[in-house]
Amino acid sequence: MSAAQLYTQYTRVWIPDPDEVWKSAEIIKDYKEGDKSLRLRLEDETICEYPVDLHGNELPFLRNPDILVGENDLTALSYLHEPAVLHNLKVRFLESNHIYTYCGIVLVAINPYEQLPIYEQDVIYAYSGQNMGDMDPHIFAVAEEAYKQMARDEKNQSIIVSGESGAGKTVSAKYAMRFFATVGGSASETNIEAKVLASSPIMEAIGNAKTTRNDNSSRFGKYIQIGFDKRYHIIGANMRTYLLEKSRVVFQAEDERNYHIFYQLCASASLPEFKDLALTCAEDFFYASQGGDVSIEGVDDADDFEKTRHAFTLLGVKESHQMTIFRIIAAILHLGNLDIQAERDGDACSVSSTDEHLNTFCSLLGVEHSQMQHWLCHRKLVTTAETYVKSMSLQQVLNARDALAKHIYAQLFNWIVQHINKALYTTVKQHSFIGVLDIYGFETFEVNSFEQFCINYANEKLQQQFNSHVFKLEQEEYVKEEIPWTLIDFYDNQPCIDLIEAKLGILDLLDEECKVPKGTDHNWAQKLYDRHASSQHFQKPRMSNTSFIVVHFADKVEYQCEGFLEKNRDTVYEEQINILKASKYQMVADLFQDEKDSAPAAPMGKGTSKINIRSARPVVKAANKEHKKTVGHQFRNSLHLLMETLNATTPHYVRCIKPNDEKLPFKFDPKRAVQQLRACGVLETIRISAAGFPSRWSYHDFFNRYRVLMKKRDISKNDKKQICRTLLEDLIKDPDKFQFGRTKIFFRAGQVAYLEKLRADKFRAATIMIQKTVRGWLQRVKYQRLKRAAIVIQRYARGHLARRLAEHLRRTRAATVFQKQYRMLRIRRAFQRVRNATVTIQAFARGMFVRRVYRKMLVEHKATIIQKYLRTWLARTRFLRIRSATIVLQCYYRRMKARQELKALKIEARSAQHLKKLNIGMENKVVQLQRKIDEQSKEYKLLNEQLSALTSAHTSEVEKLKKELEQYQQCHRGDGNQLVSLQEETESLRLELEKAHGERKVVEDSYVKEKDLLKKRISDLEEENALLKREKEELNHKILCQSQDGFAQNTVEENLQMKKELEEERSRYQNLVKEYSRLEQRYDNLRDEITIIKQAPGHRRNPSNQSSLESDSNYPSISTSELGDTEDAIQQVEEAGMEKAAMDMTLFLKLQKRVRELEQERKKLQTQLEKKEQEGKKAQVIETKTEMASDSEDFAYNSLKRQELESENKKLKNELNELRKAIAERATQNNSSNDIQDSYNLLLNQLKSANEELEVRKEEVLILRTQIMNAAQQKETGKNMETNINTHASWPNSDKHVDQEDAIEAYQGMCETNRLLEAQLQDQRREHEEEVETLKNQVEAMKEEMEKQQQAFLQTLQLSPEAQVEFGLQQEITRLTNENLDLKELLEKLEKNEKKLKKQLKIYMKKVQDFEASQVTVQTERRRHELNRQVAVQRKEKDFQGMLEYYKEDEPLLVRNLITDLKPQTVSATVPCLPAYILYMCIRHADYVNDDQKVHSLLTSTINGIKKVLKKHNEDFQMTSFWLANTCRLLHCLKQYSGDAGFMTQNTAKQNEHCLKNFDLTEYRQVLSDLSIQIYQQLIKIAEGILQPMIVSAMLENESIQGLSGVKPMGYRNRSSSMADSDSSYSLDAVIRQMNAFYSIMCDQGLDPEIIQQVFKQLFYMINAVTLNNLLLRKDVCSWSTGMQLRFNISQLEEWLRGKNLQQSGAAQTLEPLIQAAQLLQLKKKTSEDAEAICSLCTSLTTQQIVKILNLYTPVNEFEERVTVAFIRNIQAHLQERNDPPQLLLDFKYMFPVLFPFNPSSITMDSIHLPASLNLEFLNKV
């Protein structure tokens, strides 16, 4: 395009300005070829003429469209030049407060001089794992890119941070290292990342100082290499330092300070350990007070000194070495205060021997006072013949003193760096490293000396490396895209580098002049003039002969030659160094050893890391050595080494810019910024990019952006590349302006702006068309509205006229009608008068005639009535006379028939047949009772016979066992030795027990004293309680006087507060559970590592150790075993100190256990005493009741007797079971004789038969109880029986008469039975309350133990790593000792049991021998009992009781088939949560047989098996959901069938029969609840891991509404997901499909709906947090179109929630911040009313988030407007009163506390079917 096409009217350009560097203007007249000037309008509306150079054709720079202003990447600008770069940085820095901007591969960081909340931990996690172009520019993005490339390419990386002093280099390097320490944390417990970060405060203290440009300026360069292993965890680090500014130790300019460590030490001089340093305030020391002000605003030197000391300790520097370091620093301060006095002649001087500073200096360094006094003022001259001692002048002495101080500090600095490297050194093999280079930028001052020359030399080398790397990347990009490569001319500064470092260059001539005995700076300058006068990079100043100018890449710098030689030599007199070498302090002497002497001190092992622990500068040698390397030579070598390292790595560049020299926050000085941009190479990067094809678009993004310029027929094609090619060939005629790559289109500078202009013109034309059409439509609508209004007016006017005419006509007609009616009325009235008179006359005449006729008819009617009544009376009298005669005849006849029947009945009653019929029912009842008595007598005889048989068998068995015992004793005589050893051990234990008794007495005495004190304290507390009660009553009275409304309000607030506290407590508890699971996992890993380490030859695992691992201590036992003894012992050992841990742990732990037992007994006695008092009170009430019911005492006594007999029956049954087990064990051991085995089998059969008989009796008792209950239900019907005794009664055994007394007696019996049942119920309730109290006590004890364990855990975390290892070993020793004690106690118990069983075995052997005689009868009885048993088994099989029986040895098979190897698909077609139901049925059977060990073992194995499965499938959502559902269902079953009334409200009668009878598994419910929390957290973690990669792409990037979002031009950092065919792009449909999969899996597996709701609430919170965090960190998505897309996506998610009926879960509420953010992007943002609307709407967003979104808001099209700075300030003013948290991002890892509400099942256990696919044939239905 020609200039005439570009420089048209309304085009904006940049013109130079002396103040603002560049300012904007607008062309108001088209430019034509040959015009000598441009007519421009400035921003202040002034008109100016801009001259145009016709020869050079230098037109002003074009300004980019507003749509491109504020871009994240400067290379995205269409016009790449200096004013565009400067303006873009200024807009981002001042308007959006963005301090980071990309410029190709460079990150430009502008120092804000203010703390910004963009470096928190959550920001690090937000950038971790993201591609560099995906987020807004940040130092974390560069660090993540380096970390990712190291892992992906397996190549070392470097981050080069450069800039002026005060630009923020050190802070940027510190944040980069913090990122690596957080993301690549060390896998071991060495805390190497903490040590890397701890090196920063030390290096800042000894290497940073206050300058006029920076309060914390680094006065040295450093390169830190952070080493990583193969898993990319930090394993070590190494630091190299460059060119420490030693001159600052002895001289500081005005308003500057010395190094921070001097002031920190003076601020802490009052500490007692620093009294020997003789320090005062910093103003008293010459070396610390030359700059004037010794303090820095906002800095506490004493506090910083504590941080420095803590960092020394963390890095392993001993206290003695720290004190020596501080002594040396203090000695330097005292050295500067020496009082040196000149002699009279001026050629000599001296130091007084009484100088306190000299004395302090010598004592602090441990050197001889006299020698130091002498050699400070004298020097030694050595010639070939002899040696002279010459005195020095005052100036020479001062120079020598300052040189000594600088040398001491430099050596100390190098020593500290070496020890930091040793602390960060590791023997683990390094796989790769990332280097962070924090080095000075290009410097130019009014007076530039040797330091500035070295700094600028280093920057020349770095700029050369930077240019070549940028050039190389450009070339790689062109080759990759298959674009013809044309050589781009870029600035090569190799000639300038050759001028400095080549042969006979500046440094070479300087070293040569230093070797000349009488070389001077002037002579060296003359040599430079003579040698390099012809060089284009070297110039001689016109007005000076002692300075020279070097033309650097950034600017010309004039250097003053004065001091170059002295600084290059770095001269220190040998005599002074020798005195320091002879110091009595070893560390001081070691500082000044030669390099050859100190070299062997650091041997290298086999596993040496690639990082070499060495300083960049070698230790300085003696001054008189001619072969000593100069400072320039050392710096050149270290710089070459650095360049070799950087060239071997992949570099990443961070350029720090200082916005102003006043250190004011967010103030931008364009002049200073342009200077630094030129110096740091950013503009050179822009120039290289602009020379080629700087603008690059992917085909997909180009198609989406410029689709509006395409034709309809082209868009219909499928090949996007061809469409783009056709479009560009039509629009841009010059083919050199663009190139088509393989995946991208490359444009020359300005072409994107041209395309944007065409696009804007197309939009403008479309807008005009739309406006034209809309305006025409509006006018048409207006015309039609006016037309309709006119028609309406006409209609109403015509209607009015018509109505008026109609009114006139109506009035005329009405008058005519009135006349007609009046005339008619008058004539009618006359006619009516005549007619009425006539009618009256007729009426009176007719009435007279009618009355006459009526009187005649009345007389006739009365005569008829008289006749009727007379005839009736005559007929009635005749009928009565006939009826009375008939009745008399009937009476006589019936009396005769009744007398005859009475005679017949009397004869029949005298016969016996009738009596027999009446007594038939009573005889049946008597016969039945007699039969029952006979059966019971037979059974009683049978039981007596069995009992006699048992006794005889018992005696015979005992005799046999005696004989067997004698044989056993003869066979095992050899066991006597073991008995002797055991006796000796028991003797030793007895002695220890006596000692323990003695100490126990002491403990008991202290306990008595404690008890007295507690009693006294209790009495005091009771008095206080009484006072508090009175106060409480008064307060209650006052509260009652208050209004009810206030009380209700307070109650509501308290409830809300309690709910909030409950949620917080629940979340804290679940976090502890999560931490516990993490520690448990870590413990498992450590245990595996220990087992691997211990598997050495000759080593065997201890069986006790193995058993301790098998019995998980996390799960409580059912029996009252002592839990947590080991942990308590360890806690007390820790409190006593690690030194006492080596005492006799056996005695120590026994005493502790005994003390604990005494304490528990005391608590039990107190609780029993309280129970007794309560029972006494209850007994008094019961006695009053019993006096009223004394008639029922006999019956109650009988019932109690029956209960006692039943309890004895149970005890006998248990004893028989134990006896059977013991005999079985002995029989298996002594199975040598078959006779004994047979007799034993007989005895076993007899015991089984007795057992079955007891079961039958038990069932009869149950039947009788049910009959009693049925009789109680018929209680009400009994009352009716009493009233109907005389009538026909109906009884079960007789249809005739029942005696009334029998019925009353039966009713009284039922009443007594009811009373007895009530008494039993009260006893059961009392036992239940006691059990609840004991459980509460156990819970409190467990809480105390948990608190102790938490304290021990916290104390362990606070220990150092070595102490943690020692403490872990001590804990392991303690645990093993405690286990040995428990095993010994168990051994003693087993020995006692063995003796008892041996005695019982003898007795039973005798009984077996006697029993053999009656073997035949026993066999018959056994057959009979077997028959009965078979019948019973058949009955139970028909009636499944919901229990599953298994053998103990089948437990591992059960766990494997049901848990470990089970797949969810196997039971998908069965009842949901089938494994949980099966496990409960097994637990119920173990409870039914009262086997606590079986219950404990099964539950422990179940929990461990579930944990094992979850650990194996830790990324399988289906498996995790499956076991979460089963664990919750098992927990619900244990609650539903626990017998607790609170959990049984929804149970059926059948389900109540399936409750547990013997055991209370409350503690296991808590364990299962904790396990459920762990599984839930794992489920959430898996789901979040699946969803998180989809969220950003689906919610923010994918176009749910096609064509809504427009793609903006992207820079060098193209977004990773902007490509259409990218693998990482997801749509919202993919997220919804994934959530559908989650929902269907959880529903199919029977997970509780409440838990499903909580899962999706957590997932929706994560979606909200991740999306909002990305929105807050990405400028490219903060636009109106993104807000529309976001609103649509959120509505889709809400619709999904409604479709799944999850709207009550609270998931939609978690999206509220995201909804408000989307609304904020779409709202109008101009006026103060808009600001108020935004503040009232965005209540879920914090102030920082609202301001951040407004700052990031970016228009996608020209027609959108930016948010002004004034509007953002208005928003901030409105939101000042908010107390929002300071954090910017949401914690997407936050997890809501989960609740597991009780959800009982309606399924009964007896209805569950076991599928054959589970392979559970060994389970037997009971």
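As a starting point, this report considers the structure included with it. Nothing here was measured: the structure is a model prediction, and the numbers come from that model.

Attention now goes to helix α46 (residues 1562–1597). Compared with the 52 Å implied by 1.5 Å per residue over 36 residues, the 51 Å span of α46 between its first and last C-alpha is a close match. Residue M1590 marks the point of greatest curvature in α46, where the axis turns by about 40°. Among the 36 residues in α46, 27 count as buried, and that is most of the element.

Taking 1.5 Å per residue as the helical rise, helix α14 (residues 450–480) with its 31 residues ought to reach 45 Å, and the 45 Å between its terminal C-alpha atoms agrees with that figure. Burial within α14 is extensive, with 24 of its 31 residues counted as buried. Immediately downstream of α14, the backbone of E482 shows phi near 60°, a positive value.

Going through the model one piece at a time under the given rule, you end up with 44 aromatic pairs. With a centroid separation of 5.0 Å and an interplanar angle of 55°, the aromatic rings of F305 and F326 are classed as tilted. With F305 in helix α9 (residues 301–314) and F326 in helix α10 (residues 319–336), the pair connects residues that are 21 residues apart, well separated along the chain. Of the two residues, F305 and F326, both sit in the buried class. Between F466 and Y653 the ring centres are 4.7 Å apart and the planes differ by 80°, which places this aromatic pair in the edge-to-face class. Taken together, the residues span a long stretch of sequence, with F466 in helix α14 and Y653 in strand β21 (residues 650–657) at a distance of 187 residues. Given the relative accessible area of 1%, F466 is considered buried. Members of the aromatic cluster, joined through ring pairs, are F450, F453, W524, Y529, F538, F548, Y559 and F564. Sitting over the ring of Y263, R257 keeps its end group 4.1 Å from the ring centre.

So, on to the sheet that holds strand β24 (residues 744–747). One open sheet holds the three strands; their spatial order is β22-β24-β23, and the pairing between them is antiparallel. Only two strands of the sheet have a single neighbouring strand rather than two, namely β22 (695–698) and β23 (738–740). Averaged over all neighbouring strand pairs, the angle between strand axes comes to 20°, with direction disregarded. One ladder, built from three bridges, connects β23 with β24; its direction is antiparallel.

This part takes up a negative patch on the surface. Together, E254, D255, E283, D284 and D293 line one region of the surface with negative charge. One can find E283 in the loop between α7 (260–267) and α8 (286–289).

With that settled, the discussion passes to the side chain of S432. Following the sequence through the fold, S432 ends up in strand β17 (residues 432–440). With relative accessibility at 1%, the residue S432 sits in the buried group. Excluding its chain neighbours within four sequence positions, the residues that come into contact with S432 are M150, N156, I226, G227, F228 and Y232.

Let us look at the nonpolar core. Residues F180, F262, W524, F548, I1478, F1656 and L1819 are the most contacted members of the largest nonpolar core, which totals 328 residues. Looking at this core, the element that brings in the most residues is α46, giving 18 residues. Contact partners of F1656, with chain neighbours within four places excluded, come to M1635, F1638, Y1639, M1642, W1696, L1702 and A1707. Membership of the second largest hydrophobic core comes to 19 residues, among which are F702, M710, V752 and L755.

Definitions and cut-offs
- Residues numbered from 1 in each chain as written.
- Predicted model: local features only at pLDDT ≥ 70, side-chain atom pairs only at ≥ 80, totals over all residues.
- Heavy atoms only, no water.
- Helix = DSSP H or I, 4+ residues; strand = E, 2+ residues; numbered from the N terminus.
- Expected span 1.5 Å × (residues − 1).
- Bend = angle between axes of the 7 residues up to and from the residue.
- Buried < 20%, exposed > 50% of the residue type's maximum accessible area, 1.4 Å probe, protein only.
- Phe/Tyr/Trp six-rings, centres within 6.5 Å; stacked < 30°, edge-to-face > 60°.
- Lys NZ or Arg CZ within 6 Å of the ring centre and 35° of its normal.
- Pairing = 2+ DSSP bridges.
- Axes fitted to C-alpha atoms, helices over the stretch in contact; angles between N-to-C directions.
- Patch = residues over 30% accessible without salt bridge, like charges linked within 9 Å, V, L, I, M, F, W, Y side chains within 5 Å.
- Areas by Shrake-Rupley, 256 points an atom, 1.4 Å probe, with all protein chains shown as cover.
- Salt bridge = Lys/Arg side-chain N within 4 Å of Asp/Glu carboxyl O.
- Lys, Arg positive; Asp, Glu negative; His and termini not counted.
- Charge placed at Lys NZ, Arg CZ, Asp CG, Glu CD.
- Contact = heavy atoms within 4.5 Å.
- Core = buried A, V, L, I, M, F, W, Y, C linked by side-chain atoms within 4.5 Å.

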